[in-house]
Amino acid sequence: FYMGVDINPVKKWKIVGYYDFFKFPWITTDASSPSKGDDFLVQADYTMSRKVSMYWRYKNESKESNAYESENGIAKLGTINKTSLRYQIAYAPFENWELRNRIELSTFDTQNRQKEKGYLLYQDVIYKPLKAPLSVVLRYAIFDTETYSTRIYTYESDVLNAYSVPPLFSKGSRTYIMLHYKLWKSIDLWLRFSQTKYTDLSNIGTGMNQISGNTKSELKFQLRWKF
């Protein structure tokens, strides 16, 4: 059962939110018996002017999951709670330039474990001129989460027809830059470089995907020719 709302109570303010109740009559990947839970979000948007806007968001998910040792081969369910708080502001100090700042806090709580916490801070710099053929998106983020359960997802700009929403966990920083250059009317070029550096890990990943070191980098190049 899902219900969403979108309200404009007064000028410059907008309130959005949803409530979602779910129930699984059979086992799932993290529950060895029938389970249920709910998820809700509320967000307040404030548009100060044409150049400045911000929003506050609160999100909570509560669901039953395997939390205790199994009895007779079936794990006992317990309730887990995931909560996130976010504040973001976007402003345009100059024409064709936009800056975005975000702070996000994350908590993970179960009935039989101590509450875990995490946070994320990032700065975006966006340059998108109307007439020039080049646009640039740059981000620098720092994060610190106690476990993978308090990971924080962030959307990132990517090349055409691709997307990037990496989970940030452990402790470190992430940087990416993406360039879009229109060579001619029919030819577009995208170049993207991203790098995540962990300060508390000596190896990243496992198995065939393991990286020896604390830095993971990715480079993308895309060329489109329309004819």
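Up top you'll find the structure we're talking about.
Bear in mind that the values here come from a model prediction, so they are computed numbers and not experimental data. (Residues numbered from 1 in each chain as written. Predicted model: local features only at pLDDT ≥ 70, side-chain atom pairs only at ≥ 80, totals over all residues. Heavy atoms only, no water.)

**Details of the overall build of the chain**
Secondary structure summary: the chain contains 0 helices and 15 strands in total. Along the first, second and third principal axes, the C-alpha set of the chain runs to 70 × 55 × 40 Å. When the 227 residues of the chain are sorted by exposure, 32% land in the buried category. Taking the contacts inside the chain whose residues are at least 6 apart along the sequence as the reference set, 46% of them involve residues at least 24 apart. If the 32 positive side-chain charges of the chain are averaged to one point and the 23 negative ones to another, these points end up 9 Å apart. (Helix = DSSP H or I, 4+ residues; strand = E, 2+ residues; numbered from the N terminus. Buried < 20%, exposed > 50% of the residue type's maximum accessible area, 1.4 Å probe, protein only. Contact = heavy atoms within 4.5 Å. Lys, Arg positive; Asp, Glu negative; His and termini not counted. Charge placed at Lys NZ, Arg CZ, Asp CG, Glu CD.)

**A word on the environment of Trp-13**
Among the secondary structure elements, Trp-13 is positioned in strand S2 (residues 13-24). Setting aside anything within four residues of it in sequence, one finds Trp-13 in contact with Ile-7, Asn-8, Ala-44, Asp-45, Tyr-46 and Trp-56.

**A few points about the packing of aromatic side chains**
Across all of its chains, the model carries 11 aromatic pairs by this definition. Through a chain of ring-to-ring contacts, the aromatic side chains of Trp-13, Tyr-46, Trp-56 and Tyr-87 assemble into a single cluster. Here Arg-139 stacks its cationic end above the ring of Tyr-122, 3.9 Å away from the centre of that ring. Sitting over the ring of Tyr-176, Arg-192 keeps its end group 4.7 Å from the ring centre. (Phe/Tyr/Trp six-rings, centres within 6.5 Å; stacked < 30°, edge-to-face > 60°. Lys NZ or Arg CZ within 6 Å of the ring centre and 35° of its normal.)

**As for a nonpolar patch on the surface**
Together, Leu-134, Leu-138, Ile-177, Tyr-181, Leu-183, Trp-184, Leu-191, Phe-193, Leu-219, Phe-221 and Leu-223 line one region of the surface with nonpolar side chains, adding up to about 1,000 Å² of accessible area. Element by element, the count of residues in the nonpolar patch is highest for strand S11 (residues 171-184), at 4 residues. Its place among the elements puts Trp-184 in strand S11. (Patch = residues over 30% accessible without salt bridge, like charges linked within 9 Å, V, L, I, M, F, W, Y side chains within 5 Å. Areas by Shrake-Rupley, 256 points an atom, 1.4 Å probe, with all protein chains shown as cover. Salt bridge = Lys/Arg side-chain N within 4 Å of Asp/Glu carboxyl O.)

**What about the side chain of Thr-150?**
Along the polypeptide, Thr-150 turns up in the loop between strand S8 (134-145) and strand S9 (152-153). When near neighbours in sequence (up to four residues on either side) are disregarded, Thr-150 contacts Ser-106, Thr-107, Phe-108, Glu-116, Lys-117, Gly-118 and Thr-145.

**Re the pattern of salt bridges**
By the definition in use, this model includes 14 salt bridges. Salt-bridge contacts for Lys-14 lead to Asp-6; the nearest nitrogen and oxygen are separated by 3.8 Å. Of the residues examined, Lys-14 reaches a relative accessible area of 33% and is grouped as partly exposed. Accessibility expressed as a relative area gives 49% for Asp-6, which makes it partly exposed. One salt bridge connects Asp-124 with Arg-139, and the closest N-O pair in it is separated by 2.7 Å. With a gap of 15 residues between them, Asp-124 in strand S7 (residues 113-127) and Arg-139 in strand S8 connect regions that are remote in the sequence. Under the relative-accessibility criterion, Asp-124 is labelled buried at 2%. Judged by its relative accessible area of 5%, Arg-139 is buried. A single network of salt bridges, built from pairs that share partners, joins Glu-156, Asp-158, Arg-174, Arg-192, Glu-218 and Lys-220.

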